[in-house]
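Residue-level structure breakdown
Listed here are the chains, written in short residue letters.
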Amino acid sequence: MNDSPDCPLVGVAAAYMPRLSGFSFEPALVAAVDQHAAAVCDALVPAQRGPHARTVAREELADYVLGFTDRLTEADWVAPVGHDFATLRLTAVCWLIREHDLLAA
């Protein structure tokens, strides 16, 4: 998987990465996105004990995004101006993309 336009992470990052800029102004947004990022990690990576952090793989996150966005499309979901469950989840995906450098070459 690469950072080609066909990669679902590229499209999500383009659409939702700008929402991360609200972090400095909205502490509640930080908490909500953190919770969503943890939920995504829990779905993708088994919980680990000890000093080693969980690592999210680009391929697994891309598969997750495909499934999630397919369900949104089936539900005729439209992104609101503010934040709902889906926008928070997609913003959390962007945070994971950034934190794990998943679009790097």
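Note: the structure precedes this text.
All of the points below concern the structure found in this document. Since the model is a prediction, treat every value here as computed from it, not as a measurement. (Residues numbered from 1 in each chain as written. Predicted model: local features only at pLDDT ≥ 70, side-chain atom pairs only at ≥ 80, totals over all residues. Heavy atoms only, no water.)

**Some words on the overall build of the protein**
Across its full length, the protein carries 4 helices and 0 strands. Going from the N terminus to the C terminus, the protein shows its helices and strands as α-α-α-α. Here the protein, with 105 residues, has 36% of them falling under the buried criterion. Restricting the contact set of the protein to residue pairs at least 6 apart, pairs at least 24 apart contribute 67%. As presented, the protein carries roughly 6200 Å² of accessible surface, and 57% of it is formed by carbon and sulfur atoms. (Helix = DSSP H or I, 4+ residues; strand = E, 2+ residues; numbered from the N terminus. Buried < 20%, exposed > 50% of the residue type's maximum accessible area, 1.4 Å probe, protein only. Contact = heavy atoms within 4.5 Å. Areas by Shrake-Rupley, 256 points an atom, 1.4 Å probe, with all protein chains shown as cover.)

**Looking at the pattern of salt bridges**
Taken as a whole and assessed by the stated rule, the structure comprises 1 salt bridge. Of the charged contacts, one joins Arg98 and Glu99 as a salt bridge, the two residues approaching to 3.4 Å between their closest N and O atoms. (Salt bridge = Lys/Arg side-chain N within 4 Å of Asp/Glu carboxyl O.)

**Side note on the side chain of Arg89**
Considering the arrangement of structural elements, one finds Arg89 in helix α4 (residues 85-99). Apart from residues lying up to four places away in sequence, Arg89 is in contact with His36, Ala39, Val40, Tyr64 and Phe68.

**Quick word on the nonpolar core**
Ranked by internal contacts, the top residues of the largest apolar core, which has 30 residues, are Leu9, Val56, Leu61 and Val93. Breaking this core down by element, the ones donating at least two residues are α1 (8-16), α2 (27-44), α3 (58-74) and α4. For this core, the leading source of residues is α4, giving 8 residues. If sequence neighbours within four positions are ignored, Leu9 has contacts with Arg58, Leu61, Ala62, Val65, Val93, Ile97 and Leu103. (Core = buried A, V, L, I, M, F, W, Y, C linked by side-chain atoms within 4.5 Å.)

**Observations concerning the packing of aromatic side chains**
For the structure shown, the criterion picks out 2 aromatic pairs. On the numbers, 6.1 Å between centres and 10° between planes, the contact of Tyr64 with Phe68 is stacked. Of this pair, Tyr64 and Phe68 both sit in helix α3, 4 residues apart, which is roughly one turn of the helix. When sorted by exposure, Tyr64 lands in the same class as Phe68, which is buried. Ring plane angle 45° and centroid distance 6.5 Å describe the contact between Phe68 and Phe85, whose orientation is recorded as tilted. On the criterion of sequence distance, the pair formed by Phe68 in helix α3 and Phe85 in helix α4 is long-range, its members being 17 residues apart. Of the residues examined, Phe68 reaches a relative accessible area of 8% and is grouped as buried. Among the aromatic residues, ring-to-ring pairing joins Tyr64, Phe68 and Phe85 into one connected group. (Phe/Tyr/Trp six-rings, centres within 6.5 Å; stacked < 30°, edge-to-face > 60°.)

**A short note on α4**
A turn of α-helix holds 3.6 residues, and therefore any two residues three or four places apart point the same way. With 15 residues, α4 should cover 21 Å at 1.5 Å per step; its first-to-last C-alpha distance of 21 Å lies within 8% of that length. Judged by how many residues are buried, α4 sits mostly within the fold: 11 of 15 residues are covered. Among all positions of α4, only Ala86, Thr87, Leu88, Arg89, Leu90, Thr91, Ala92, Val93, Cys94, Leu96 and Ile97 are buried. In this structure Asp84 caps α4, since a side-chain oxygen of it lies 3.3 Å from the backbone nitrogen of Ala86. Immediately beyond the C-terminal end of α4, within one or two residues, lies Asp101, with a positive phi of roughly 50°. (Expected span 1.5 Å × (residues − 1). Polar contact = N/O pair within 3.5 Å; in protein donor to acceptor, adjacent residues only side chain to side chain.)

None of the figures reported here should be taken as evidence of function without further support.
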